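# Architecture at a glance
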There are 10 protein chains.
Amino acid sequence: MPDARTLEAFPTPAESPFVVEHFADEFTSVCPKTGHPDFGTVTLRFQPRPAGAGGTCVELKSLKLYLQSFRNEGIYYEAVTNRIRDDLAALMKPAWLLVRTDWRGRGGIRSVVRATHGDVPQAWQQ
Amino acid sequence: MPDARTLEAFPTPAESPFVVEHFADEFTSVCPKTGHPDFGTVTLRFQPRPAGAGGTCVELKSLKLYLQSFRNEGIYYEAVTNRIRDDLAALMKPAWLLVRTDWRGRGGIRSVVRATHGDVPQAWQQ
Amino acid sequence: MPDARTLEAFPTPAESPFVVEHFADEFTSVCPKTGHPDFGTVTLRFQPRPAGAGGTCVELKSLKLYLQSFRNEGIYYEAVTNRIRDDLAALMKPAWLLVRTDWRGRGGIRSVVRATHGDVPQAWQQ
Amino acid sequence: MPDARTLEAFPTPAESPFVVEHFADEFTSVCPKTGHPDFGTVTLRFQPRPAGAGGTCVELKSLKLYLQSFRNEGIYYEAVTNRIRDDLAALMKPAWLLVRTDWRGRGGIRSVVRATHGDVPQAWQQ
Amino acid sequence: MPDARTLEAFPTPAESPFVVEHFADEFTSVCPKTGHPDFGTVTLRFQPRPAGAGGTCVELKSLKLYLQSFRNEGIYYEAVTNRIRDDLAALMKPAWLLVRTDWRGRGGIRSVVRATHGDVPQAWQQ
Amino acid sequence: MPDARTLEAFPTPAESPFVVEHFADEFTSVCPKTGHPDFGTVTLRFQPRPAGAGGTCVELKSLKLYLQSFRNEGIYYEAVTNRIRDDLAALMKPAWLLVRTDWRGRGGIRSVVRATHGDVPQAWQQ
Amino acid sequence: MPDARTLEAFPTPAESPFVVEHFADEFTSVCPKTGHPDFGTVTLRFQPRPAGAGGTCVELKSLKLYLQSFRNEGIYYEAVTNRIRDDLAALMKPAWLLVRTDWRGRGGIRSVVRATHGDVPQAWQQ
Amino acid sequence: MPDARTLEAFPTPAESPFVVEHFADEFTSVCPKTGHPDFGTVTLRFQPRPAGAGGTCVELKSLKLYLQSFRNEGIYYEAVTNRIRDDLAALMKPAWLLVRTDWRGRGGIRSVVRATHGDVPQAWQQ
Amino acid sequence: MPDARTLEAFPTPAESPFVVEHFADEFTSVCPKTGHPDFGTVTLRFQPRPAGAGGTCVELKSLKLYLQSFRNEGIYYEAVTNRIRDDLAALMKPAWLLVRTDWRGRGGIRSVVRATHGDVPQAWQQ
Amino acid sequence: MPDARTLEAFPTPAESPFVVEHFADEFTSVCPKTGHPDFGTVTLRFQPRPAGAGGTCVELKSLKLYLQSFRNEGIYYEAVTNRIRDDLAALMKPAWLLVRTDWRGRGGIRSVVRATHGDVPQAWQQ
């Protein structure tokens, strides 16, 4: 069962703004309606607050274990995406966060869901 | 014969804005002029209204059956696209909706048609 | 010899704005200088005026025959592109039209030419 | 030795704005430091001034010979790019010009250099 | 051990603005936590100040040696990226600088980090 | 309902051996179990007997109509493939025939079926 | 826990030889050493015995459920592959069977394992 | 109208066996039934006889003009392929010749035709 | 310094023949002539002897550490490849082993080296 | 002017058979007829004789300089290929050698030439 308390963060190493992306290509959860497994990719994209403002970055190994904890969870595409956004926003309180999930699909329909927190930083448009 | 009444929606799970895309790669209808089948892809992209404002998302299985119902319908590219836009806008009353159809083409010409409803949300530009 | 009078249009099926693209991958004309054939792709992208304003869309079969009529015409890249733009703008009087030609090239140089009519509609930026 | 006097231009065929791109995939010059050959691609992108304002387009065969004249020239990436921009800006006096060079690289580092003249026209953003 | 003093720069050859990109596909450092090697790509993108303002460009061979000096350094993704940004900003004092690192990843998660200095120049948006 | 009598053939134009392939990317039939549509590609590959031995080639337009006649037929992957092989072998009595079907799949499993008639000719191994 | 008794087969529809391939892109099991999930693709390729000899084909839905049953099983790459080969060989007693597993990998090493049963049929070499 | 007399050959430069391939990506002829243009690629692959045995290679410019001469010829796929094979076999009397034509297709069906002369040489299998 | 004694093997789990491939995309060593790092991919492909004949498979984690031990070793492409082949052949005494190294190259030349042990098994040709 | 005397070889490091490939992506020479530059890729593939039989491998830097020496040489595709084959066969006296040249082409026709020396070794078929 997913538990955001396993997530850890470390202090951001810079005052200057920078942007981090993590791509987890091996996400799986379970469709609550059919019981069949869903497979997808989870993308995180965030700008931590500056070091002086207490900015943090999610630690990679804890992120991996957090994402693995959805393995046998029955949960819909939209709910997974909003939940990961909420858990990471609570953990890092980032200047900006985007969570995107890409699903391999069922019955000939593939889906993508994206949820955001905060405003897109200028550094991303480069 | 296409019937929008088979479409179902479920309440959106979040107050925060998010964007959903569905890609149906196996769409087929019939050319009303020649009687030959047309093959294409239908892409939906929408931002539901917030949960508190009664926002809904189209249910995937009902979407699949709705799209399959065009299988033996004689209808032009432009009309299919506008019809799907109208049916889904009526169903979900979304903050934003884009319907895009990509057609494999006839006689060496491929086509793409896109119809929209509402204004592009900020979340999409990330 | 190209003749814009073979082009036909049909009334646009919607009041709401939408955008149409046609990709003709098999265009050929003749270089007026060397007499060698040129090969390329012609892309049309347009937003018809609303139905209530008399908006029309170019009919696909007539477009195909119009493009085939350049087959033995000696004409430069830039002139082909501007001519197609002028002929289609006169036919449809669209809210927006872009004509793009991609040429396979000669002597190690490939070329692309694009000519426009009207202003880019908001629907295109989605 | 490169000589801009071999470049020729012809009058632009239209009053309406349009944009031309040329891609020369077979560019080679010599590294002035090591004497080893450099290989790359040269991309031109320009909007001629309108015909009524004396706008011109570079002629393709003269462009090909001009680019070939760098074959045994010892010249750095940055200097090649700025020189081609200067020579073509002087020849065509275009409304806009971008010269981009993509280099296959040395010692595991590939490079791209881009130099511009004038302001990006609206037609390019389509 | 990385040492920014091995970096060299040469005077920029032009008054007009231009943008340079370098792609180093063979970067490697060591994870300070596990001791396992990390592999990635380093991308630099910068606009030197004009020649008259003392603008400089990093010299390619010194850049290559500088990047190689991280080979046995234990350092995190975020720190590498910010350090390269700081070292190159100090060396060139560029009008704009973006450093992007793409990492092959560990445990099914790939990462990208980007850090910037200065404002995005207009020339980059072409 | 599929009817092999709509298939037509024309006399092969050569005494020398040659091989023909046809790729129909827009095949669709119906799953007899679920009633959902199946989508796939049909590939034919054959060597006609020599002209002097009465060799024939399937006519393209009749092939297209024959394949379209499966559109609303409930039939399994394996049965479609064997049926097309039998119908075309009966029509052309070719020296060699391979029918391959590639299916987009259901529930995360894609499938390919291939059925043959006669021996692989030497000309195919080139 | 994987259980081969859930696998079902149906009688092969033809006397003539034919070859079937199934590609399951969403396979997952668990590494017995680390407890981390493994992700991969399972490919089956087989030639059933002729109908008259009691040949059978594995039924797709039962195959899907059988593969899903490995989801929480701790099992090595080599053992998974040999086990699927054994279970399917026992079920179908095919003339030929190849099982191939492609694993996304751990620590920078991707793996492929293939196990076979019977001799490669002539039909496969076409 | 195609005329094999425009084809020229030059003496092969070697006694040792070697293989030559030419890929003409811009072939076009006309469908004799519908009058619509056909577009495709012509591939030649041959081993000339040794120099001492009078071996020759087709000259590239004459090949280009020969292929261009089909531009307005009404001729079927199979006939084009066999005719080019016959004309080039008569010109070069090669140890081996393969002519392959790849057609962009009509009505959703793409085609490939290949015709040969002589036996596949050992040098090709490397 | 590379040391084959860190390699470990485990008993093969099957009597039936099967083939294993490992792809290590992140190999690096040092050029003994220039001191610059070399980057490449190492591919292993082997068939263990049957379990009853004492067949073994290389253990993945020990393989990873063994390959990492070349990181600061000065050694040529050909010598790396032959050494890995020798070390793994001594460890596993496999029925067949192929070691292939793909190098990113220096000065515009990429290289591939492959060394083998034993005879190619039938299972590989499927 | 090309001079095979600049080529150097070093003794092969193994008694066991192995195969080496070098890919030089930046080859250029001059067309003797038109004076225009030709661009292509040169691939070498060879098996040295065993060390005990005096086998040697071409040294990479000398190969690079040898290939660069064709830069301003007027020479046809077929002659370049046969000459490189002859020069390398004389240098290394390999058990097997294949030289393949891929040319970017002129006037819409790309070409590939391959010349060989000795028999294809078993190790290549793996």
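What counts, and at which threshold
- All residue numbers here refer to positions counted from 1 along the written sequence of the relevant chain.
- To read the labels, note that chains go from A and ligands from 1, taken in the order they are written.
- In view of the model being predicted, local features appear only for residues whose pLDDT reaches at least 70, and side-chain atom pairs are presented and counted only at 80 or more, with totals across whole chains, interfaces and linings using the full set of residues.
- Put simply, DSSP H or I for four residues or longer makes a helix, DSSP E for two residues or longer makes a strand, and each gets a number counted from the N terminus.
- Three exposure classes are used. Buried residues have 20 or more other C-beta atoms within 10 Å of their own C-beta, exposed residues have 12 or fewer, and partly exposed residues fall in between, all C-beta atoms being placed from the backbone.
- What counts as a contact is two residues whose backbone-derived C-beta atoms lie within 7 Å of each other.
- The copies were overlaid by least squares, fitting only the C-alpha atoms of residues that reach a pLDDT of 70 or more in each copy.
- Picture the helix axis, draw a direction to every C-beta atom, and the arc is the one those directions span.
- Any residue outside Ala, Val, Leu, Ile, Met, Phe, Trp, Tyr, Cys, Pro, Asp, Glu, Lys and Arg is labelled polar, Gly included; the first ten of those are nonpolar and the last four are charged.
- We treat two strands as partners when DSSP finds at least two bridges between them.
- For every residue, the predictor states its confidence as a pLDDT score lying anywhere from 0 to 100.

### What about the overall build of chain A?
- When helices and strands are tallied, chain A shows two helices and six strands.
- Along the first, second and third principal axes, the C-alpha set of chain A runs to 50 × 30 × 20 Å.
- Among the 126 residues that make up chain A, the fraction classed as buried is 44%.
- Within chain A, counting contacts between residues at least 6 apart in sequence, those at least 24 apart form 70% of the total.

### Here's the deal with the interface of chain F and chain B
- With seven residues of chain F in contact, the opposing surface of chain B contributes seven residues.
- Sorting the residues of the side of chain F that touches chain B by element identifies β2 (18–30) and β3 (37–47) of chain F as the ones contributing at least two each.

### Quick word on the relation of the copies chain F and chain B
- Each copy superposes on the other: chain F lies on chain B with an RMSD of 0.0 Å after a rotation of 180° and an axial shift of 0.0 Å. On the angle and the small slide along the axis, the relation comes out as a two-fold axis.
- Both copies present the same face, since 100% of the interface residues in chain F are matched by interface residues at the equivalent positions in chain B.

### Describing the relation of the copies chain A and chain B
- Superposition of chain A onto chain B requires a rotation of 72° combined with a translation of 0.1 Å along the rotation axis, giving an RMSD of 0.0 Å. Taken together, the rotation and translation describe the operation of a five-fold axis.

### Side note on the arrangement of the chains
- As for chain I relative to chain F, no contact occurs, and the smallest C-alpha gap between them is 15 Å.
- The two units chain H and chain I are non-contacting; their minimal C-alpha-C-alpha distance is 15 Å.

### Describing helix α1 (residues 60–68) of chain C
- Taken together, the buried positions of α1(C) are occupied by Leu60(C), Leu63(C), Tyr66(C) and Leu67(C). One face of α1(C) carries all of its buried residues, which in axial projection span an arc of 120°.

### Notes on the interface of chain A and chain B
- Listed by partner, the interface residues are 17 residues for chain A and 20 residues for chain B.
- Every element with two or more residues in the side of chain A that touches chain B is listed here: α2 (77–92), β5 (96–106) and β6 (109–118) of chain A.
- Here the side of chain A that touches chain B takes eight residues from β6(A), the largest share from any one element.
- In terms of residue class, the side of chain A that touches chain B is built from seven nonpolar, six polar and four charged.

### Details of the pairing of strand β6 (residues 109–118) of chain D
Residues and elements named next belong to chain D.
- Summarising burial for β6: seven of the ten residues are buried, a large majority.
- Summarising the sheet, strand β5 (residues 96–106) and β6 pair through nine bridges and their orientation is antiparallel. Counterpart to Arg106 in the pairing with β6 is Ile109.
- Hairpin connection, β5 to β6: the antiparallel pair is bridged by two residues, and Gly107 has positive phi, about 55°.

### Let's talk about the environment of Gly105(C)
Residues and elements named next belong to chain C.
- When you line up the elements, Gly105 lands in strand β5 (residues 96–106).
- For Gly105, a count of 20 C-beta atoms within 10 Å puts it in the buried group.
- Taking the C-alpha atoms as reference, Gly105 lies 7.6 Å from Asp38; in sequence the two are 67 residues apart.
- Beyond its immediate sequence surroundings of up to four residues, Gly105 is in contact with Arg110 and Ser111.

### As for the confidence of the model for chain A
- Per-residue confidence for chain A gives a mean pLDDT of 92, with 98% of residues at or over 70.
- Of all helices and strands in chain A, the one with the weakest mean pLDDT is β5(A) (93), whereas strand β3 (residues 37–47) of chain A scores best (97).

### Let's talk about the environment of Trp103(C)
All names here are of chain C.
- Within the element layout of this structure, Trp103 appears in strand β5.
- Take Trp103: there are 23 C-beta atoms within 10 Å of it, and that puts it in the buried class.
- Residues contacting Trp103, with those up to four places away along its chain left out, are Asp38, Gly40, Tyr77, Arg110 and Ser111.

### Quick look at the pairing of strand β5 (residues 96–106) of chain J
Residues and elements named next belong to chain J.
- Most of β5 sits out of view: eight of its eleven residues are buried.
- Examined bridge by bridge, strand β3 (residues 37–47) and β5 share eight bridges and lie antiparallel to one another. From the neighbouring strand, Leu44 faces β5, where its bridge partner is Val99.

### A few points about the environment of Thr116(H)
- Its location among the elements puts Thr116(H) in strand β6 (residues 109–118).
- Expressed as a C-alpha distance, the spacing of Thr116(H) and Pro11(H), which sit 105 residues apart in the sequence, is 22 Å.

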